[in-house]
Amino acid sequence: MFFMRHALALFLFTCVIPATAGISQPGCDALASWADTFSPPAGRAGPASVPAIFRDEAFAGMFGKALDKWEARDFRSLDNYMKSCQQQLFKQDRQKANQINKVRRQLPSVQLALEQTGERASGSTEQAASSGGQRQPNRRKTPEAPAPRPPVEPGTFTLPGCEALHGWAGRLKRGETVQVTPKVEVSSLLRPQWTAPLFGLPAERWSRNQYMSVYQELTACRNAAKKRDDSAAFSRLHQAAKVVGKGGQAMRRVDRFREEAAENVERILGHQASPALPKIVEAAQMALRGKDPTEFVQAERGSYPRLGYLFGDANELAAYADYLTERDRQELIERLNAGKGEVLAKSSAIEKQLADARAAIAAAPATLAGVRSLRELNDSPLLARIGLEEAQALRAELQQRQNAIHAELRRQQAARKARAEAETNRPMDLEPRMTQLFHGEDLQELNFDGLAVGMSKEEAISTLKRQWKYEYDDGMSLDNAFVATRPLHPQLEKERRNGGRLQLGVMDDGTVGQLRYVEHYRAMLVNTQPQAWLHKRLGSPDGIESARGGRLLTWKDGDLRLQVLATNQTDVFWRGAGYASRLAISIWSEDYEQYLADLGERCHQLLEEKRDTGIVGMNEAMWFARHCNLSGNAKDHAGI
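Remember, predicted model here, so these are calculated numbers, not experimental data. (Residues numbered from 1 in each chain as written. Predicted model: local features only at pLDDT ≥ 70, side-chain atom pairs only at ≥ 80, totals over all residues. Heavy atoms only, no water.)

### Observations concerning the environment of S540
Then, number 1: With respect to the helices, strands and loops of the structure, S540 is situated in the loop between α20 (529-538) and β9 (543-547).
Then, number 2: S540 gets classed as partly exposed once you look at its relative accessible area, which sits at 48%.
Then, number 3: The sequence separation of S540 and W555 amounts to 15 residues, and the corresponding C-alpha distance is 7.9 Å.
Then, number 4: Beyond its immediate chain neighbours, meaning those up to four positions away, S540 contacts H535 and W555.
Then, number 5: Engagement of the side chain of S540 in a polar contact is seen with the side chain of H535, the distance being 2.9 Å. (Helix = DSSP H or I, 4+ residues; strand = E, 2+ residues; numbered from the N terminus. Buried < 20%, exposed > 50% of the residue type's maximum accessible area, 1.4 Å probe, protein only. Contact = heavy atoms within 4.5 Å. Polar contact = N/O pair within 3.5 Å; in protein donor to acceptor, adjacent residues only side chain to side chain.)

Laid out in C-alpha cells, this is it:
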C-alpha cells in the first residue's frame, strides 16, 4: 500500500500526459460484453499490473484511444459511466452488473500502472538530457543549477531560481500545516502569503502541471546543491520537494471535488422547472457557506416527495464543500446567484401553469367534455412538479369541480326527464293533424291528403310513396297497408305520433273503395276535438256512438261514408310501446259496401261447398285464403 501511494505521489510531479480529447462511451450492453471477457489474474497481481482487456485493440477501438494516451479525467469518466451502467443493468441482469463492477475495481490499479510507466519514462528522459544522450556511469553527478528567472508578475505563474527557492525552503517547519479547505491541510510552506509573491499564484491555485514543475525545479536545485557539497541547501530543498509532492497529492483531491461540485451546480441549475427549484438553489448555497442543509432539505422534501432526487444534489454538494477552498465555494455561490434568475423564471412559468390550470378548472363547462378536460388535468405532469400541498389542493379543486359538474349533469338530466314527462302528459292537439289530413268543404269533395275514394290503386300507391313518403308495411303488399319510412321517424317522434298505418281497400276493377287510417299518440286526446273541427266543415255528424272510450262519428253524403274515432284506449302492445291514444279514420263508398257483401256471399258459398263435398279447387282455395276469414265472411269490412 505504501508503494502504491509513493508511486502515485511521485507520478504527479514527474510525468506529463499531453492533453487529448475525452474517451468515447459505448452503450451499456457493449460495455457489459467487453467486461465479460475479463478474467482476474492468477495469484496475487502486483500493484502495477494491467489486465489484458485494457491492452488489446478492442479496448482502443471501444473507447477511442489507447491506454497510454489516457488522462486522469478519462479514468474518472469511465468510472462514472461504468457505475451508471452497473445501476442501470442491476435490475435487468445482475450478472452483467457484477461483471462490470469487477472491471471497475481494476481502474485504480490500471491508472497507477500507467502513472508508474510515465514516471520511469520521465526519469529516463531527465537522465538522458543531463548526460547529452550518453548513459552516465556515475549517477551522483547532477546538472548545474538553472539560470536566474525574471521578476514574478502577479497573477502569472513563474518558477523562481534556486536562490529564491532555497530561501523559501528555509521557512519550512516540520509538522506545521495550514488549512486549505475544512478537510484538507498542507504544509505551512505552501501558505498563500509565501507562495503568491514567489510564484505569482498561491499554491492552492496551482495546476497539477505547475505542482509538477515546482517539484522538478526543487529537485534540480537540490541536485545542484549536492554537487556543490552544500548539505544544508540539499536538505532544505529535499524536504521542500517532499512537501510539494504531498501538497500536490492533496490538492489533486481538491481539484477532483472542485470539478464534481461544479458539475453538481450545473446539474441543479439545469433541472426541469419546478417551484422546488429555488429552494434547492437555496439549499446548495447554504451547503457552500458551510451550513448543514440537512434539516432544511428534509423539511422541504416533505412538500415535494416526487422531487426528492433534486434535493439529493444539494446534500451531495454539502459533502463536497469541505474539500473546496473559500475561493472555490465563493465562485460556485456566484454561479448559483447568476443562474438564480433563470431558476426563478422557470419557477414563475410553473406558477403560471398552475394558475392556468386553476382557471381551466373553474371554467370547465358542465358537460361531458368538461369532465374529460378535468380528467386530463388530473393526469397532467404538472402535479408531479409542484409541492405536495399544492398538488393536493389542486386535486381537491379538480374533485370539487367534477362533483359540481356531475351534480349539474344530473340536474339537467332530471330537467329533461321532467320536460319529457310534461310533454308526454300534455294533451294532444289534433286540429293541426286534422288540417293536414282533410281537404275539401264537403264529403263529396273530401281529399285525404292527396288520396280519395274512386282513384286507381296505382295512383294511390304512387301518392303514398312520393307525397306521404310511406312504404309497404313489412315490405309486403298482401293487404295493401302502408307505414311511414325510417327518415320520417325523428320528426314523428318530435310530434309525439307514430305516423299511422293506412290501408287501401281495393275492388276487383282496381279502384280504391276504402281508405282506413289509424295513428297512435304518446299523450292523451281531447276526444271532442275531431267532432268540433269536422262540424265546421262537414256539418253535424249523421251518427254518434260510444266506442272504446271515445265517440264514433259517422257522416254520410250520397254514396260516400266517413267515420272518425278519437279514443284514449289502446291495446296492450301500443301501451307497452308508450302510446296513450289513437285516432282512427275510414272513408268508403257504397260500391265498396256492395263489393264486400258480394265477397262475403262468395266466401260463404265456398265454405259450404267445402263442408258438403270436402273438395275445393286450387284456384278457389287461393281466392278464399286471400279474401275470406275462417267463418266464411269477407276479411275486410266497411268503416273503422
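### Side note on the pairing of strand β11 (residues 560-567)
Then, number 1: The buried count for β11 comes to eight of eight residues, which makes it a mostly enclosed element.
Then, number 2: Of the two faces of β11, the one lined by L560, L562, V564 and A566 and the one lined by R561, Q563, L565 and T567 are each fully buried.
Then, number 3: As defined by bridge partners, strand β10 (residues 550-557) adjoins β11 across eight bridges and the pair is classed as antiparallel. Counterpart to K556 in the pairing with β11 is R561.
Then, number 4: Hairpin geometry of β10 and β11 is characterised by an intervening segment of two residues between the two adjacent antiparallel strands and by a positive phi of about 65° at G558.
Then, number 5: Pairing geometry for β11 and strand β12 (residues 581-589), over eight bridges, is antiparallel. Looking at the pairing, V564 lines up with I585 of β12. (Pairing = 2+ DSSP bridges.)

### Focus: the sheet that holds β11
Then, number 1: Read across the sheet, eight strands follow the order β5-β6-β7-β8-β12-β11-β10-β9 without closing on themselves; strand pairing throughout is antiparallel. Here the strands that pair on one side only, and so sit at the sheet edges, are β5 (470-472) and β9. Neighbour-to-neighbour, the strand axes of this sheet turn through a mean angle of 20°, independent of strand direction.
Then, number 2: The pairing of strand β7 (residues 501-506) with strand β8 (residues 512-521) spans six bridges and is classified as antiparallel. Within the sheet, the bridge partner assigned to V506 lies in β8 and is V512.
Then, number 3: The sheet contacts of helix α18 (residues 457-468) involve β5, β6 (481-484), β7 and β8, and relative to β7 the element is tilted by about 165°. (Axes fitted to C-alpha atoms, helices over the stretch in contact; angles between N-to-C directions.)

### Quick look at the nonpolar core
Then, number 1: Counting residues in each nonpolar core, the largest one holds 50 residues, and the members touching the most others are W168, L190, F199, W206, V214, L218 and V244.
Then, number 2: Element by element, the count of residues in this core is highest for helix α10 (residues 231-269), at 14 residues.
Then, number 3: With residues up to four places along the chain from it excluded, the contact list for W168 reads L189, L190, W194, T195, L198, F199, L218 and V244.
Then, number 4: Listed in part, the 40 residues of the second largest apolar core include M455, A484, A566 and I585. (Core = buried A, V, L, I, M, F, W, Y, C linked by side-chain atoms within 4.5 Å.)

### Section: unusual backbone geometry
Then, number 1: The phi dihedral of D449 falls on the positive side, at around 50°, and the residue is not glycine.
Then, number 2: By secondary structure assignment, the location of D449 is in the loop between β4 (447-448) and α18.
Then, number 3: The exposure class of D449 is buried, given its relative accessible area of 17%.
Then, number 4: At K469, a residue that is not glycine, the phi angle is positive and equals roughly 65°.

### Some words on the pairing of β9
Then, number 1: Strand direction decides the pairing type here: β9 and β10, joined by five bridges, are antiparallel. Each bridged residue has a counterpart across the sheet, and for I544 the counterpart in β10 is L553.
Then, number 2: Between the end of β9 and the start of β10, which pair antiparallel, lie two residues, with R548 showing a positive phi angle near 45°.

### Things to note about empty space enclosed by the protein
Gaps left between atoms show up when a probe the size of a water molecule is rolled over them.
Then, number 1: The full count for this structure, using the stated rule, is two cavities of 30 Å³ or more.
Then, number 2: Forming the boundary of the second largest cavity are A357, I361, L377, S380, L382, L383 and L394.
Then, number 3: Grouping the constituent residues of the lining of the second largest cavity by class yields six nonpolar, one polar and no charged. (1 Å grid on protein atoms, 1.4 Å probe; cavity = no way out; pocket = protein on both sides within 12 Å on 5 of 7 lines; lining within 4 Å. Points joined across faces, edges and corners; volume = space filled by probe spheres on them. Nonpolar A, V, L, I, M, F, W, Y, C, P; charged D, E, K, R; others polar.)

### Considerations on the state of the cysteines
Then, number 1: Inspection of the entire model under this criterion finds three disulfides.
Then, number 2: A sulfur-sulfur distance of 1.7 Å marks the disulfide that ties C603 to C628. Sign of the S-S torsion, about -80° for the bond between C603 and C628, identifies this disulfide as left-handed. You can see C603 sitting in helix α22 (residues 590-613) and its partner C628 sitting in the segment after α23 (618-627), a full 25 residues away along the chain. (Disulfide = S-S within 2.5 Å.)

### Considering the packing of helix α7 (residues 162-169) against helix α9 (residues 208-227)
Then, number 1: Viewed as axis vectors pointing N to C, α7 and α9 meet at an angle of 100°, and their least axial separation amounts to 10 Å. Considered as vectors, α7 and α9 are oriented roughly perpendicular to each other. In this structure, α7 contributes C162, L165 and W168 to the contact, and α9 contributes E217, L218 and C221.
Then, number 2: For the contact of α7 with α9, the per-class residue count stands at five nonpolar, no polar and one charged. (Parallel < 35°, antiparallel > 145°, perpendicular 65-115°, else oblique.)

### Observations regarding the packing of aromatic side chains
Then, number 1: Counted under the stated rule, the structure contains 25 aromatic pairs.
Then, number 2: For the ring pair F438 and W533, a centre distance of 6.1 Å and an interplane angle of 40° mean the geometry is tilted. Here F438 is found in strand β3 (residues 438-439), whereas its partner W533 is found in helix α20, with 95 residues between them in sequence. As far as burial versus exposure is concerned, F438 and W533 are alike and both buried.
Then, number 3: Ring geometry for W574 and Y579: centres 5.5 Å apart, planes at 80°, overall edge-to-face.
Then, number 4: The class for W574 is partly exposed, based on a relative accessible area of 22%. (Phe/Tyr/Trp six-rings, centres within 6.5 Å; stacked < 30°, edge-to-face > 60°.)

### Concerning a negative patch on the surface
Then, number 1: On the surface, a cluster of negative charge is contributed by D508, D509, D559 and D591.
Then, number 2: Mapping D508 onto the fold places it in the loop between β7 and β8. (Patch = residues over 30% accessible without salt bridge, like charges linked within 9 Å, V, L, I, M, F, W, Y side chains within 5 Å. Areas by Shrake-Rupley, 256 points an atom, 1.4 Å probe, with all protein chains shown as cover. Salt bridge = Lys/Arg side-chain N within 4 Å of Asp/Glu carboxyl O. Lys, Arg positive; Asp, Glu negative; His and termini not counted. Charge placed at Lys NZ, Arg CZ, Asp CG, Glu CD.)

### Quick notes on the packing of α9 against α10
Then, number 1: Running from amino to carboxyl end, α9 crosses α10 at an angle of 165°, the nearest separation of the two axes being 8 Å. Regarding the angle of α9 to α10, the classification is roughly antiparallel. For the crossing formed where α9 meets α10, the hand is left-handed. Two secondary-structure elements touch here, α9 through Y211, V214, Y215, L218, T219, C221, R222, A225 and K226 and α10 through A233, F234, L237, H238, A240, A241, V244, G245, G247, G248 and M251.
Then, number 2: Counted by class, the contact of α9 with α10 contains 13 nonpolar, five polar and two charged residues. (Left-handed = near helix turned anticlockwise from the far one by under 90°.)

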